[in-house]
Amino acid sequence: MKMNSRLMHLFKAESQIEIREIAKGLACLKNESRTMADDSRIIGELHRNVHTLKSSSATAGFHNLNEITSALTEIFRAAGDGRCEIRTDIIPLLEEGVDACRNLLEKSDKKEGTPDYENLLNRLGKLLP
Amino acid sequence: MVKKLLVVEDSEFQAEVISGDLKAAGFEVHWACDGLECLERVKEIKPDLIVLDIMMPRMDGYETCRRLKAGKETAAIPVVFLTQEDRVGDIVHGLEVGGDNFITKPYEAHYLVERINAIFENRKLRAKGELPQDIAIESFSDKIVLTKDREQIFELLLNSLNTTLAVELLGLIILKGEPQGFLVTSIANLPDKVQNYFIESMLTALNEFLDEPISADALKPRLIESRIAATEFEGEFKSYIHVPLLAGGKIIGIFSATNSRENAFVPDDVRYLFSVGAQCVAALSKVTEA
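Values in this document were obtained by computation on a predicted structure and should not be read as measured data.

S.K.: Could you give an account of the overall build of chain B, with specific residues and numbers?
M.R.: Looking only at helices and strands, chain B has 8 helices and 11 strands in total. Here chain B holds 290 residues, and the buried ones make up 40% of them. Taking as baseline every contact in chain B between residues at least 6 positions apart, the subset at least 24 positions apart corresponds to 62%.

As structure tokens, this is what we get:
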């Protein structure tokens, strides 16, 4: 799809908001005084935010961003279904995924190549049952 | 007259892209940012069709569609799910809540416009009584209609099975007393004569199911060796799965898959296809169309 500058601006602005929300959600999962109900709500919101980012990146043609958000979506979907647990020791890896999304979005303005995310994708894939 | 569409999408960026595609095709387009806003705006806008995302805050697309189809004034408005969700369960769920079409993102603009126009065209023909291809099934008190619009959901469902099972051709036959309609989706773009052969093998298997007295054992999923496997098409298909579709304790059709490799399917595949078939029938049983 060919995007005009207004659509590109909207995509980036919206994606930055989603990334901030995902980072906030992950920080909440580190809070030790949270309840099971909190966990379920936070994971549901994380799933939705990551899913929106995945869907928008596919529409905008940002393939690397789409690959990382697809991996994150599967993890939060599995967590929501009770097939995997978001333990505090795996949160740094999920945050690494979010950082990669942020970098990809920033790098899209610059003329430099994008790093290879294969290693990150492999490690994220291993979190799935 | 220009058709009014309501796009329900929580991402403003995606709503803009979809609206742009639809406006370029000559539609009047409105936007609601989630399911709750859709239910409010639908009364004021009175859209001719709703394009609905699934994952949204406050109220998701499934619940929104369920409420639209339960509302007296909104039940007749066609709903097209436009989503990244493409797993078998998602598609069956879309069918269950009464969705008329299911399109996966990223989509081609011309495909979306084509599907929407096809829904309007089918509605027009149906109103004139010129669309006899709808498949009607009566099962106890339920009247289930698999319309031409809803057929597309089955096509997508069959295609999505391709990612789970090693299938080259999938088919669904639904009966009402005698064979009345069928739908076959070609995964491998096989020629018509091969598809016809597959349909024949499905009917053979279906007859085998129907010939037997209905008992718990007879209704279990199983592999059936096709009687006509060793014909001129022997080279095309070597593995088959046929599972019966059941409603109200009766066989109402058959769901089949095939592959050109020998032993392409394992017993788990049979169970999986059986479960998908059962979900389809359960979904259809909940869909009642006047």
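S.K.: Give a description of unusual backbone geometry that names residues and reports values.
M.R.: The phi angle of most residues is negative, glycine excepted, and most peptide bonds adopt the trans form. Residues and elements named next belong to chain B. Here the amide bond leading from lysine 105 into proline 106 is cis, since omega sits at -5°, within 30 degrees of zero. Topologically, proline 106 is positioned in the loop between strand S5 (101-104) and helix H5 (109-127). At lysine 46, a position not held by glycine, the phi torsion is positive, near 50°. With respect to the helices and strands, the residue lysine 46 is situated in the loop between helix H2 (35-45) and strand S3 (49-52). Overall, the presence of 12 C-beta atoms within 10 Å leaves lysine 46 in the exposed class. With phi around 65°, arginine 58 is a residue other than glycine that occupies positive phi space. Structurally, arginine 58 is set in the loop between S3 and helix H3 (61-70).

S.K.: Any details on the interface of chain A and chain B? Residues and values, ideally.
M.R.: Taken together, the contacts link 12 residues of chain A with 12 residues of chain B. At the level of elements, helix H1 (5-29) and helix H2 (36-60) of chain A are the ones that each hand at least two residues to the side of chain A that touches chain B.

S.K.: Can you explain the packing of helix H3 (residues 63-80) of chain A against helix H5 (residues 118-125) of chain A? Please cite residues and give values.
M.R.: All names here are of chain A. Contact pair H3 / H5: the axes reach a minimum separation of 10 Å and the direction vectors enclose 10°. The angle between H3 and H5 places the two elements in the roughly parallel class. Across from Glu67, Ile68, Ala71, Leu72 and Ile75 in H3, the residues of H5 making contact are Leu121, Leu124 and Gly125. Looking at the contact of H3 with H5, its residues break down into 6 nonpolar, 1 polar and 1 charged.

The rules we used
Per chain, residue numbering runs from 1 following the sequence as it is written. Whichever chain is written first becomes A and whichever ligand is written first becomes 1, with later ones labelled in order. The predicted nature of this model means local features are confined to residues of pLDDT at least 70 and side-chain atom pairs, given and counted, to a pLDDT of 80 or more, with totals for whole chains, interfaces and linings taken over all residues. A helix here means a DSSP run of H or I that spans at least four residues, while a strand means a run of E at least two residues long, and both kinds are numbered starting from the N terminus. Put plainly, a residue is buried at 20 or more neighbouring C-beta atoms within 10 Å of its own, exposed at 12 or fewer, and partly exposed in between, counting only other residues' C-beta atoms, which are placed from the backbone. C-beta atoms are first placed from the backbone for all residues, and any pair lying within 7 Å is then listed as a contact. Interaxial angle, 0 to 180 degrees, is taken between N-to-C directions of lines fitted to C-alpha atoms, where a helix line uses only the stretch in contact. Here the angle decides the label: under 35 degrees means roughly parallel, over 145 means roughly antiparallel, 65 to 115 means roughly perpendicular, and every other value means oblique. Charged means Asp, Glu, Lys or Arg here, nonpolar means Ala, Val, Leu, Ile, Met, Phe, Trp, Tyr, Cys or Pro, and polar covers whatever is left, Gly included.

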